[in-house]
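Observations on chain architecture
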Amino acid sequence: MILRRGNVATAFFIAAVYVLLTVLFGKSYFIHLLLFLLGLHAAIAIGYWRKKADFRLAAVFRLFWRACFLIFAFLYAGLLVYGMMVRVAANL
């Protein structure tokens, strides 16, 4: 399988959101993040199965990975802005 930029970027965003959550709030959210990913994958799988009346793991995983990219890119940007605002406000 050829790795594309989107695939690598999604993994980066997931890891970066985990690190930002740990740094900003001072505790690990690994289990919460893992449960969110599993729940998202289950929701996409059920939705795909209901719509298509078929289940293709490759197609479901592709949809899941793309949804993760969108969600975690926005979370990364939001946490980055929040972290900068908190650090600036603390130094005033």
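Here is a short report on the structure shown in this document. (Residues numbered from 1 in each chain as written. Predicted model: local features only at pLDDT ≥ 70, side-chain atom pairs only at ≥ 80, totals over all residues. Heavy atoms only, no water.)

Applying the stated criterion across every chain, the model contains one salt bridge. Among the salt bridges present, the one from D54 reaches R56, with a minimum N-O distance of 3.6 Å. (Salt bridge = Lys/Arg side-chain N within 4 Å of Asp/Glu carboxyl O.)

Turning our attention to the nonpolar core. Within the largest apolar cluster, 18 residues are counted, with the highest numbers of intra-cluster contacts made by I14, L37, L40, I44, F64, C68 and F72. With seven residues, the top contributor of residues to this core is helix 3 (residues 57-90). If near-sequence neighbours (up to four positions away) are discounted, L40 is found in contact with F64, A67, C68 and I71. (Core = buried A, V, L, I, M, F, W, Y, C linked by side-chain atoms within 4.5 Å. Buried < 20%, exposed > 50% of the residue type's maximum accessible area, 1.4 Å probe, protein only. Helix = DSSP H or I, 4+ residues; strand = E, 2+ residues; numbered from the N terminus. Contact = heavy atoms within 4.5 Å.)

A complete count under the given rule lists 11 aromatic pairs for this structure. Judged by centre distance (6.1 Å) and plane angle (70°), the rings of F36 and F72 are edge-to-face. Pair noted here: F36 is in helix 2 (residues 30-52) and F72 is in helix 3, with a separation of 36 residues, a long-range link. A centroid spacing of 5.6 Å and a plane angle of 20° characterise the contact between F61 and W65, whose relative ring orientation is stacked. You can see F61 and its partner W65 sitting in helix 3, four residues apart, about one turn around the helix. The class of F61 is partly exposed, set by a relative accessible area of 41%. Among the aromatic residues, those joined into a ring-pair cluster are F12, F13, F69 and Y76. (Phe/Tyr/Trp six-rings, centres within 6.5 Å; stacked < 30°, edge-to-face > 60°.)

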